[in-house]
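# Examining the three-dimensional arrangement
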Amino acid sequence: QVQLVESGGGLVQAGGSLRLSCAASGSIFRINLMGWYRQAPGKQRELVAHVTSARFTNYADSVKGRFTISRDNAKNTVYLQMDRLSPEDTAVYYCNAEVVYRSTGPSLGFWGQGTQVTVSS
């Protein structure tokens, strides 16, 4: 059993910052990709950023230069630092992780429950 728990969401004014955290727990040997997705009302869930186990990163064009993804492999935790937030960033943010249970086993994807980020104008 693997659980991902997000925290750090909330209500902020445009131009403000938030830092999201996602901690994975349970039967984990290794986590490959970790990423953040978001879903606004009436829209599809979209990738915000992801980071590999080697700490290579990728960002959606809409957040480049404003958001920073990082991870702590020892803590099985991924972070998303969000700066210069705008109302367009308002969404539920979901953590995703590709988890390996055993060294020779496959990776399986898991999702967190989501955390609301609301940016007021």
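Our subject is the structure listed above.
All residue numbers refer to position in the chain's written sequence, counted from 1. The predicted origin of the model limits local features to residues at a pLDDT of at least 70 and limits the giving and counting of side-chain atom pairs to 80 or more, whereas totals for whole chains, interfaces and linings rest on all residues. Only hydrogens and water are set aside when side-chain values are computed; all heavy atoms of the structure are taken into account.

## What to know about the packing of aromatic side chains
The rule is short: rings of Phe, Tyr and Trp, with Trp giving its six-membered ring, pair when the centres are within 6.5 Å, and they are stacked under 30 degrees, edge-to-face over 60, tilted in between. Counted according to the given criterion, the structure contains two aromatic pairs. Consider the rings of Tyr37 and Trp111, whose centres lie 4.9 Å apart with planes at 65°: the pair is edge-to-face. Of the two residues, Tyr37 sits in strand β4 (residues 30-39) while Trp111 sits in strand β10 (residues 107-111), which places them 74 residues apart along the sequence. A 1.4 Å probe rolled over the protein chains alone gives each residue an accessible area, and that area as a share of the maximum for its type sets the label: buried under 20%, exposed over 50%, partly exposed in between. Judged by its relative accessible area of 41%, Trp111 is partly exposed. Secondary structure elements follow DSSP: runs of H or I no shorter than four residues count as helices, runs of E no shorter than two count as strands, and numbering proceeds from the N terminus.

## A look at the environment of Ala60
Relative to the assigned elements, Ala60 resides in the loop between β6 (57-59) and β7 (67-72). Put simply, Ala60 and Glu46 are 14 residues apart on the chain and 8.7 Å apart in space, counted from C-alpha to C-alpha.

## Concerning the sheet that holds strand β1 (residues 2-7)
Pairing within the open sheet is antiparallel, and its four strands lie in the order β1-β3-β8-β7. Of all the strands in the sheet, the pair left with one neighbour each is β1 and β7. Strand-to-strand twist in this sheet, taken as the mean axis angle between neighbours without regard to direction, amounts to 15°. Here, strands pair whenever DSSP counts at least two bridges between them. Both β7 and strand β8 (residues 77-82) contribute to a ladder of six bridges, which runs antiparallel. Orientation is described by axes fitted as lines to C-alpha atoms, over the contacting stretch for helices, and by angles from 0 to 180 degrees between their N-to-C directions.

## Let's talk about the pairing of strand β11 (residues 115-120)
Side chains Thr115, Val117 and Val119 project from β11 onto a buried face, and the interleaved Gln116, Thr118 and Ser120 project onto a face without burial. Pairing of strand β2 (residues 10-13) with β11, which is carried by four bridges, proceeds in the parallel orientation. Each residue of the ladder has a partner; that of Gln13, found in β11, is Ser120. The pairing of strand β9 (residues 91-100) with β11 spans three bridges and is classified as antiparallel. The partner of Tyr93 across the bridge, within β11, is Thr115.

## Some points on unusual backbone geometry
Positive phi values are uncommon outside glycine, yet Asn76 reaches one of about 50°. With respect to the element layout, Asn76 can be found in the loop between β7 and β8. Overall, the relative accessible area of 21% leaves Asn76 in the partly exposed class. For Arg84, which is not glycine, the phi dihedral falls at a positive 50°. Within the secondary structure layout, Arg84 lies in the loop between β8 and β9.

## Notes on the state of the cysteines
Only a pair of cysteine sulfur atoms within 2.5 Å qualifies as a disulfide here. Evaluation of the coordinates by the stated rule reveals one disulfide. At a sulfur-sulfur separation of 2.1 Å, the disulfide partner of Cys22 is Cys95. Because the torsion about its S-S bond is -85°, the bridge between Cys22 and Cys95 counts as left-handed. Linking Cys22 in strand β3 (residues 18-26) with Cys95 in strand β9, this pair joins segments that are 73 residues apart in sequence. This pair shows no difference in class: Cys22 is buried, exactly as Cys95 is.

## Remarks on the side chain of Glu6
Among the secondary structure elements, Glu6 is positioned in strand β1. This count recognises Lys and Arg as positive and Asp and Glu as negative, with His and chain-terminal groups excluded. Any carboxyl oxygen of Asp or Glu within 4 Å of a side-chain nitrogen of Lys or Arg constitutes a salt bridge here. Buried Glu6, no salt bridge; nearest opposite-charge side chain is Arg45, N-O distance 7.7 Å. Reaching out from Glu6, the side chain makes a polar contact with the backbone nitrogen of Cys95 at a distance of 2.8 Å. Polar contact is defined as a pair of N or O atoms within 3.5 Å, subject to the rule that within protein one atom must be able to donate a hydrogen and the other to accept it, and that residues adjacent in sequence are counted only when both atoms are side-chain atoms. At 3.0 Å, the side chain of Glu6 forms a polar contact with the backbone nitrogen of Gly114. Contacts are assigned to residue pairs with any non-hydrogen atoms lying within 4.5 Å of each other. If sequence neighbours within four positions are ignored, Glu6 has contacts with Ser21, Cys22, Trp36, Tyr93, Tyr94, Cys95, Gly112, Gln113, Gly114 and Thr115.

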